[in-house]
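# Examination of the molecular architecture
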Amino acid sequence: MNKPNYGNWIPTPLLRTLGGVSAGLGGLWLASWFLLKDRVISAAALILFLAGLAMTAYMTVCHRAFSFEGKNVMGRIHRFLLTKLPWDGHGRLLDIGCGSGSGSILCAKTWPDADITGIDYWGKGWNYAKEQCEQNAALEGTDRIHFLRGDAAELPFQTGEFDAAVSNFVFHEVKSQPDKRLVVREALRVIRPGGYFAFHDLFEHREIYGDMEEFVTQLKEEGITEIHYEAHTERLEFSPWYCKAPWLLSGLGVLYGRR
C-alpha cells in the first residue's frame, strides 16, 4: 500500500551534500597524510573531516526526528498550531505555504466540513510539489482540498475571502517581500472580520521581525479584534533537545487570534 510522502524539513539532498563534503575532506586528509606528508595540513584536514562527519551524523539524526515515520516532530508542530485556532470548521480555511500538504490534510481531518485551500510557491530547494500534495491528499482520503501555486507576499484572493488561515514556518522564506511584517499583513488581509488565524514562524528573530510587542500593538491599532503572541515555542515538548540548535528550531513564536 502506498504511503503519503510528506518529505522533511531537512531535505535529503542536503544530507547527501553534507556526506559528499565529508567524504571530500576525508580524501584530503588521506592525501595530505600519505602523499604530502605534511603533519600541519594533515591535522587541519583531519579536524575538518571529523567536523563534517559529526555535522552529517547530527543532521541525519535530526532528519529522522522530523520525519513522520520517526519522532514525528513535523506532525506534532502542525497539531500544536491547530490548538491555537478555536474555529468551528464551517467555511473556508487557507493554509499558506502548504509544502507537501501535511498541514492542509490535518486541517481537513480536523474539520471535515470545511473547504480547505493550500497554497505554496513550491520553489527550488524544497522537495515539494502540487502533484505531491494532491497525491498525499488522495492517499489520506482528503482529496477535496484545493491546492494551487501562489506567492504568500501577494495572495491571489479577495480581501476577507476566508474564515480562517494558518501558516507554519513560511513567512520568513518568502523571497519576494523583504519586509516580513507585510507578509503577515497580507495573510491577515484575506481573512474575514471575525475570522481566525494562527501563524507559526521565526518571530523571535529580531533581524526579521523586529520587536514583536511593537508589531502586535500595531496590528491591534490596525483593527485586529483579538491577537495573542507566544514567544519561544521551540521550548515546548514537541521536539527532542538536539533539534533545538540555533540553525534548526530556535527563535520560534506563534501569533494567533481573530481578525
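These numbers come from a predicted model, not from an experiment.

Close approach of charged atoms lets side chains of opposite charge pair. Counted under the stated rule, the structure contains nine salt bridges. Across the pair Asp115 and Arg92 runs a salt bridge, and its minimum N-O distance is 3.8 Å. Remark: Arg92 occurs in strand E1 (residues 92-96) and Asp115 occurs in strand E2 (residues 115-120); sequence separation between them is 23 residues. Residue Asp115 is classed as partly exposed on the basis of its relative accessible area, which comes to 29%. Given a relative accessible area of 25%, Arg92 falls into the partly exposed group. A salt bridge links Arg192 to Asp163; its shortest N-O distance comes to 2.6 Å. With Arg192 in strand E5 (residues 191-201) and Asp163 in strand E4 (residues 162-168), this residue pair connects regions lying 29 residues apart in the sequence. A relative accessible area of 30% means that Arg192 is categorised as partly exposed. Through salt bridges with shared partners, a single ionic network connects Arg92, Asp115 and Glu161.

Of all five residues making up E1, four are buried, and the element is well covered by its neighbours. As paired strands, E1 and E2 are joined by five bridges and run parallel to one another. If you follow Ile96 over to E2, its bridge partner there is Ile119. In this fold, the crossover linking E1 to E2 by way of helix H4 (residues 102-110) has right-handed handedness. Two strands pair when backbone bridges link them, and E1 and E4 are joined in this way by four bridges, in the parallel orientation. Bridging from a neighbouring strand, Ile96 pairs with Ser167 of E4.

It is worth spelling out unusual backbone geometry at this point. Not every positive phi belongs to a glycine, and Asn72 is a case in point at roughly 60 degrees. For Asn72, the location among the structural elements is in the loop between helix H2 (39-66) and helix H3 (73-82). Under the relative-accessibility criterion, Asn72 is labelled buried at 16%. Its identity as a non-glycine residue notwithstanding, Phe169 has a phi of 55 degrees, on the positive side. You can see Phe169 is positioned in the loop between E4 and helix H6 (180-189). Look at Phe169 and you get buried, because its relative accessible area is 15%.

Calculation notes
What you see as residue numbers is a count from 1 along each chain, following the sequence as written. Local features are withheld for residues below a pLDDT of 70 in this predicted model, meaning they are given only at 70 or higher, and side-chain atom pairs are given and counted only at 80 or more; totals for whole chains, interfaces and linings count all residues. Water and hydrogen atoms were dropped before computing side-chain values, which therefore reflect all heavy atoms in the structure. Every case where a carboxyl oxygen of Asp or Glu lies within 4 Å of a side-chain nitrogen of Lys or Arg is listed as a salt bridge. Put simply, DSSP H or I for four residues or longer makes a helix, DSSP E for two residues or longer makes a strand, and each gets a number counted from the N terminus. Three exposure classes are used, based on accessible area relative to the maximum for each residue type with a 1.4 Å probe and protein chains only: buried under 20%, partly exposed in between, and exposed over 50%. Any two strands between which DSSP finds at least two bridges are classified as paired. Consider the strands pointing away from the viewer: the crossover is right-handed when the path from the first strand over the helix to the second runs clockwise.

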